[in-house]
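# Structural features, examined
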Amino acid sequence: MTCTLEKVLADAKSLVERLRDHDGAAEILIEQTTLLNKRVEAMKQYQEEIEVLNQVARHRPRSTLVMGIQQENRQIRELQQENKELQMSLEEHQSALALIMSKYREQVFRLLMASKKDEPAIVTQLREQHTNEMQAHIEIINEMATVMRKAIEVDEGRLCEDEERIKRLELENSGLRELLGISRQAFLVLKRRHV
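If you're wondering where the values come from, they're calculated on a predicted model, not measured in any experiment. (Residues numbered from 1 in each chain as written. Predicted model: local features only at pLDDT ≥ 70, side-chain atom pairs only at ≥ 80, totals over all residues. Heavy atoms only, no water.)

Counting its secondary structure elements, the protein contains three helices and zero strands. Counting from the amino terminus, helix and strand elements in the protein follow one another as α-α-α. The buried share of the protein, taken over its 195 residues, is 15%. Residue pairs in contact within the protein that sit at least 24 positions apart in sequence constitute 89% of those at least 6 positions apart. (Helix = DSSP H or I, 4+ residues; strand = E, 2+ residues; numbered from the N terminus. Buried < 20%, exposed > 50% of the residue type's maximum accessible area, 1.4 Å probe, protein only. Contact = heavy atoms within 4.5 Å.)

Right, dumping it as structure tokens:
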């Protein structure tokens, strides 16, 4: 009877060892399954982030975005140059107007001096006619100056909008780079764990 009891105990002991081995194998399988589930979840999240990034970038590659920003920078520089040219043109028109007015005053003074001997009604009529003509020229020049000022204001407004757009794109670009960096790190971590 002792032989059979010892045999039963030995069999029980080997069964316990087998159960421990199976339990260890089951633990390893559970860990691997958990790791695989995490990897699958990370891949899904990575894919969702890529889709969000593509939607933000409107499915345009980075080179297209960079080219767009460079083109906007060129347009901004051109607008700035055009603003400078308009400003210079406005200053030239104003100086020309000042010169015309000084010549006008000089001519009126000469006319008055020369015609003091003539009839005062003719002098008054000539003065009014000349004043009306000069007033018309002044109004035209003032309208031109107003149009140029408005053009400068519009161009400066566009410049501000373009600068805001560039800042917004730069901020968006840095955010996208951060997201891409995080996604790459997560992917590399998952890849290391899998290997």
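All right, on to the pattern of salt bridges then. Inspection of the entire model under this criterion finds one salt bridge. The salt bridge partner of Glu 72 is Arg 165, with a shortest N-O separation of 3.4 Å. Taken as a pair, Glu 72 in helix α2 (residues 62-114) and Arg 165 in helix α3 (residues 120-194) lie far apart in primary sequence, 93 residues in all. A relative accessible area of 15% places Glu 72 in the buried class. (Salt bridge = Lys/Arg side-chain N within 4 Å of Asp/Glu carboxyl O.)

Here we take up the side chain of Glu 72. Here Arg 165 takes part through its side chain, which lies 3.4 Å from a polar atom of the side chain of Glu 72. Among all residues touching Glu 72, those that are not within four sequence positions of it are Arg 165, Ile 166 and Leu 169. (Polar contact = N/O pair within 3.5 Å; in protein donor to acceptor, adjacent residues only side chain to side chain.)

This paragraph deals with a nonpolar patch on the surface. On the surface, Met 43, Phe 187 and Leu 188 cluster together into a nonpolar patch covering about 270 Å² of accessible area. Within the secondary structure, Met 43 sits in helix α1 (residues 2-56). Overall, Met 43 belongs to the partly exposed group, its relative accessible area being 43%. (Patch = residues over 30% accessible without salt bridge, like charges linked within 9 Å, V, L, I, M, F, W, Y side chains within 5 Å. Areas by Shrake-Rupley, 256 points an atom, 1.4 Å probe, with all protein chains shown as cover.)

Looking now at the nonpolar core. If you look at the biggest cluster of nonpolar residues, it comprises seven residues: Leu 97, Met 101, Tyr 104, Val 108, Met 134, Ile 138 and Ile 141. Listing elements by their share of this core, those giving two or more residues are α2 and α3. Top element by residues in this core is α2. It accounts for four residues. Apart from the residues lying within four places of it in its own chain, the contact partners of Tyr 104 are Arg 127, His 130, Thr 131 and Met 134. (Core = buried A, V, L, I, M, F, W, Y, C linked by side-chain atoms within 4.5 Å.)

On average, residues of the protein score 79 in pLDDT, and 88% of them reach the 70 mark or higher. The secondary-structure element of the protein with the lowest mean pLDDT is α3, recorded at 78, while α1 shows the highest, at 83. (pLDDT = per-residue confidence, 0-100.)

Tracing the backbone through its elements, the reader meets Leu 111 in helix α2. Separated by 16 residues in the primary sequence, Leu 111 and Arg 127 place their C-alpha atoms 8.7 Å from one another.

Looking now at the environment of Met 144. Mapped onto the elements of the fold, Met 144 is located in helix α3. Placed 51 residues apart in sequence, Met 144 and His 93 show a C-alpha to C-alpha distance of 8.7 Å.

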